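# A structural walkthrough
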Amino acid sequence: MPGLCKGDPRSKAPAVGSAAWVNELGRARRPGPALPAAALPAALGSSTLSVHAGSRDDPATGAVGTPIYQNSTFVLGADQYRAIDQGYARDRFIYTRYGNPSQWAVQEKIAALEGAESALVFASGMAAIAASVLAMLDRGAHLIASKELYGGSYAFFHHELPSLGFSVSYVDPRDPNAVRAALRPNTMLLFFEAMTNPLLNLVDIAAMAAIARAAGAKLIVDATFVSPLGVRALDHGADLVLHSGSKYLNGHSDLICGAVAGSRKYVDRVWPRLLAYGGCLDPHACFLLERGLKTLALRMRAHEQGASAIAEYLARHRQVSWVRHTSRADHPDHALATRQLRQHSGVVAFALHGGDAAALALLPRLRLMREATSLGGVETLVSLPFNTSHAAFTAEQRAQIGIPPGCVRLSVGIEDAADLIADLDQALATI
Ligand SMILES: *Cc1c(COP(=O)(O)O)cnc(C)c1O
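The text that follows walks through the structure, step by step, so that each part is easy to find. Per chain, residue numbering runs from 1 following the sequence as it is written. With the structure being a predicted model, the display of local features is reserved for residues of pLDDT at least 70 and the display and counting of side-chain atom pairs for 80 or more, all residues being used for whole-chain, interface and lining totals. Values reported for side chains reflect all heavy atoms of the structure, with hydrogen atoms and water molecules removed beforehand.

## What to know about empty space enclosed by the protein
Gaps left between atoms are located by rolling a probe of water-molecule size over the structure's atoms. Here a cavity denotes a set of grid points, spaced 1 Å apart and computed over the protein atoms alone, in which a 1.4 Å probe fits but from which it cannot get out, and a pocket denotes an open set meeting protein on both sides within 12 Å along at least five of seven lines; residues with an atom within 4 Å of a point are reported as lining. Grid points are joined across faces, edges and corners, and a volume is the space filled by probe spheres set on the points. Evaluated as defined, the whole model comprises two cavities of 30 Å³ or more. Taken as a whole, the largest cavity encloses approximately 50 Å³ of empty space. In terms of lining, the largest cavity is formed by Ser146, Glu148, Pro173, Arg174, Phe192, Glu193, Thr196, Asn201, Leu202 and Val203. Under this grouping Gly is polar, as are all residues other than the nonpolar Ala, Val, Leu, Ile, Met, Phe, Trp, Tyr, Cys and Pro and the charged Asp, Glu, Lys and Arg. Residues belonging to the lining of the largest cavity are distributed by class as follows: four nonpolar, three polar and three charged. Each pocket or cavity is described by its volume, and for the second largest cavity that value is around 40 Å³. Within the residue set of the lining of the second largest cavity, elements represented by two or more residues are α4 (101-114) and α10 (264-277). For the purposes of this entry, the term helix denotes a DSSP run of H or I that reaches at least four residues, the term strand denotes a run of E that reaches at least two, and both are numbered from the N terminus. Looking at the lining of the second largest cavity element by element, the count peaks at three residues for α4.

Next comes the structure, spelled out in structure tokens:
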């Protein structure tokens, strides 16, 4: 199989821990794992999938909704021993770090929303990123990532991966020539965010998938900022899509979790890293995530409507110098947004003429909006890139990458847009 030990030119045999065994499995590939259930009708809408996919009534009592299987271990029988022996332990319940019905239910729901064969949930978005990235690399591999990355991902790529012998190049994914120029013979992975923070730049997933395919590399997309309702990255050619479920998937700012979805083949490759690094999601947290996901489609519509209305209001305000939202024709990726996004997200960025001092003065004057990091919850959160995500940058560096002075990031919740606009209006009036 070409490309399998791409990472290490000296090695003739697959590197230790390489994914070669996946290709040698004689067993037919099945989606899932999933509990047996009556099949859902084909071609369901996103709201229906959010509610029904993966969720199971309790067969013992008829209780509606997936029970919380709050157990660490399962009774072993011949079937489980055979599964361990023959290499399909992921399809059986053995121990909750390996798999648990509460995890399977929510994984199936996420897989259905992403149009994926398989999914895994994790104890955080970073756990999903670490396990997924490591699963796609052989020893000595090179990967290409965006210059604009979530801080935790940047720290992982910049500090952890080099210490493990991997090398990383950072590029602007909106410049396909720069991505092609960064390719090396041992490039195994491209990693991009579907929408970046705080500039809300998009990446052309199909274009990046074509570059990856031509180079024999894989593409992972972090779709946290758009949710599966905004873009189904796998449909555009990504090999794996992942999320910080702490944001839109759960949607209530009350849980840290992560998820990855893709073909059974690739997700089976991530699973041993979940086992080894141990970032499994607790069954009770799975219940919370599953409950949150049931309203994903409803919430995303409310986020989109609120964010579009607020962007419209801000664009007309004389104290506002700059507004970014993918719904606006002046967004630099508006054409791509029209082509690729099924729905806009709730994240809006704007800047005040008064610069960072004015932005700092705005926050304590807001009455409904909470000054907090994170995004994707039902409540509107507001933060300033200059003293949060981009605090390590100088003002010049921020300007260079396009973050204007006075930049404010809003994660618009599901409140009434009129109330949020009134909140901004009263706060801006007193600066
Ligand atoms: C929050 C976030 C992460 C990390 O997720 P955690 O759940 O906090 O570990 C990764 N990527 C993006 C784009 C994020 O916004």
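The discussion continues.
## With respect to the site of the ligand
Nearness is judged by heavy atoms alone; a residue qualifies as near a molecule or strand once a single heavy atom is within 4 Å of it. Neighbouring the ligand are the residues Ser124, Gly125, Met126, Ile129, Tyr150, Asp222, Thr224, Phe225, Ser244, Ser246, Lys247 and Cys257. Think of a polar contact as two N or O atoms within 3.5 Å of one another; within protein, one of them needs to be a possible hydrogen donor and the other a possible acceptor, and neighboring residues in sequence only count if both atoms come from side chains. The separation between an oxygen atom of the ligand and a polar main-chain atom of Gly125 is 2.9 Å. Sort the elements by how many residues they give to the shell around the ligand and helix α5 (residues 125-135) lands first, with three residues. Here the residues of the shell around the ligand sort into five nonpolar, five polar and two charged.

## Comments concerning the sheet that holds strand β8 (residues 320-324)
One requirement defines pairing of two strands: DSSP has to find at least two bridges between them. The strand order across the open sheet built from five strands is β8-β9-β12-β11-β10, with neighbouring strands paired in mixed fashion. Edge positions in the sheet fall to β8 and β10 (370-371), since each has one partner strand and no second. Taken together, the two bridges between β10 and strand β11 (residues 381-383) define a ladder with parallel strand orientation. Following the sheet pairing, Arg370 is matched in β11 by Leu381. Set on the sheet, helix α14 (residues 355-365) makes contact with β9 (347-352), β10, β11 and β12 (407-411); between it and β9 the angle comes to about 120°. What makes two residues a contact is simply this: any of their non-hydrogen atoms within 4.5 Å. Lines fitted to the C-alpha atoms define the axes, with helices restricted to the stretch that makes contact. Angles between their N-to-C directions range from 0 to 180 degrees.

## Concerning the sheet that holds strand β6 (residues 240-244)
Strands sit in the order β1-β7-β6-β5-β4-β2-β3 across an open sheet of seven strands; the sheet is mixed. If you trace the sheet from one side to the other, it starts and ends with β1 (118-122) and β3 (167-171), each paired once. Averaged over neighbouring strand pairs, the angle between their axes works out to 20° when direction is ignored. By the bridge criterion, five bridges tie β1 to strand β7 (residues 258-262) in an arrangement that is antiparallel. Each residue of the ladder has a partner; that of Val121, found in β7, is Ala259. In this fold α5 packs onto β1, β2 (142-146), β4 (187-193), β5 (218-222), β6 and β7, with an angle of close to 155° to the strand it touches most, β6.

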